[in-house]
Amino acid sequence: MQSVTRLISRLTAEDPVEYDIDGLCQCQINTDAGLTFASCLRSFLRQDPDVILVGEIRDLETAQIAVQASLTGHLVFSTLHTNDAPSSIVRLIDLGLESFLLTATIEAIIAQRLVRTICSKCKEPFEPTEEQLMELDLRPEDAMGKQLYRGRGCDNCHHSGYKGRTAIFETMVMDDGLRDLIMKEASVGVLREEAKRRGMKTLREAGLRNLFEGNTTIDEVVRETTSDE
């Protein structure tokens, strides 16, 4: 039997294109020339791609085209500027998207932060003060039995105590319960609590996990995350 190989089309619209990636058709946005996210998306859809990456949804027109692409069977990835994963829902509604379109198209939302990693050459254990723990809403007994670390500072890290970065994530996977809340135009707080009840680990929890694993410091977790309350 003769086999047929189908060419998979992967297109991106980025501003700017930061990395050239083999196998992708990457398009640099140029608003002065009329090449916007929305116009790129319209051109992409004429090529019937399988996967589309939109660097950022900034306006209603781009959001609407991304949603329409998703409704017609395309896998769409994009970014938004929000404080956490549940806030993305409110942000899209504020842009003008109808809630029923969001429930029909969104599969998952991931919030990401980068925290600096403790330098491995000058990493040393330390005992946090009660005031430092309070910055993370922790009590002394919460840190009991857990060793925390910091960077002393050395030539390897230019005496900063940090070398490199690591990502912490908050993943909100959509299900029927969350979709019902979105249709009822629930607040961010209600969405967050329901998502946590259904297993979502918040950015603060992800930061604390990296803290207790010795990857980063209290200062970094405090700076990059907010209280879950």
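It should be noted that the structure appears before, not after, this text.
This report concerns the structure included in the present document. (Residues numbered from 1 in each chain as written. Predicted model: local features only at pLDDT ≥ 70, side-chain atom pairs only at ≥ 80, totals over all residues. Heavy atoms only, no water.)

Structural notes on the overall build of the chain
A count of helices and strands for the chain gives nine helices and eight strands. Over its C-alpha atoms, taken along the principal directions, the chain stretches across nearly 60 × 50 × 45 Å. Scored against the burial criterion, the 229 residues of the chain give a buried share of 40%. Long-range contacts, defined here as pairs at least 24 residues apart, represent 65% of the contacts in the chain between residues at least 6 apart. In the chain, 26 side chains carry a positive charge and 38 a negative one; their mean positions are 4 Å apart. (Helix = DSSP H or I, 4+ residues; strand = E, 2+ residues; numbered from the N terminus. Buried < 20%, exposed > 50% of the residue type's maximum accessible area, 1.4 Å probe, protein only. Contact = heavy atoms within 4.5 Å. Lys, Arg positive; Asp, Glu negative; His and termini not counted. Charge placed at Lys NZ, Arg CZ, Asp CG, Glu CD.)

Digging into the pattern of salt bridges
Going through the model one piece at a time under the given rule, you end up with 17 salt bridges. The partner of Glu56 in a salt bridge is Arg58, with the nearest N and O atoms 3.1 Å apart. A salt bridge links Glu220 to Arg223, with the nearest nitrogen and oxygen atoms 2.8 Å apart. Taken together, the positions of Glu220 and Arg223, both in helix α9 (residues 218-224) and three residues apart, correspond to about one turn of that helix. Shared partners join several salt bridges into a network, and the residues in it are Arg116, Glu220, Arg223 and Glu224. (Salt bridge = Lys/Arg side-chain N within 4 Å of Asp/Glu carboxyl O.)

Comments concerning the packing of helix α1 (residues 37-46) against helix α2 (residues 60-71)
One way to put it is that α1 packs onto α2 with a least axis distance of 8 Å and a crossing angle of 20°. As the angle between them shows, α1 and α2 are arranged roughly parallel. By crossing handedness, the relation of α1 to α2 is classed as left-handed. Counted together, Phe37, Ala38, Leu41, Arg42 and Leu45 of α1 and Glu61, Thr62, Ile65, Ala66 and Ala69 of α2 form the full contact between these two elements. Of the residues belonging to the contact of α1 with α2, the class tally is seven nonpolar, one polar and two charged. (Axes fitted to C-alpha atoms, helices over the stretch in contact; angles between N-to-C directions. Parallel < 35°, antiparallel > 145°, perpendicular 65-115°, else oblique. Left-handed = near helix turned anticlockwise from the far one by under 90°. Nonpolar A, V, L, I, M, F, W, Y, C, P; charged D, E, K, R; others polar.)

Some thoughts on the sheet that holds strand β1 (residues 10-14)
Where strands meet in a sheet, backbone hydrogen bonds hold them as pairs that are either parallel or antiparallel. Taken in spatial order, the four strands make up an open sheet running β2-β1-β3-β4, and their pairing is parallel. At either end of the open sheet lies a strand with only one pairing partner, and these are β2 (25-28) and β4 (75-78). Averaged over all pairs of adjacent strands, the angle between strand axes in this sheet comes to 15°, irrespective of strand direction. As paired elements, strand β3 (residues 51-54) and β4 share four bridges and run parallel to each other. Residue Ile52 lies in a different strand from β4, and its bridge partner there is Val76. Packed onto the sheet, α1 meets β1, β2 and β3 and runs at close to 170° relative to β1. (Pairing = 2+ DSSP bridges.)

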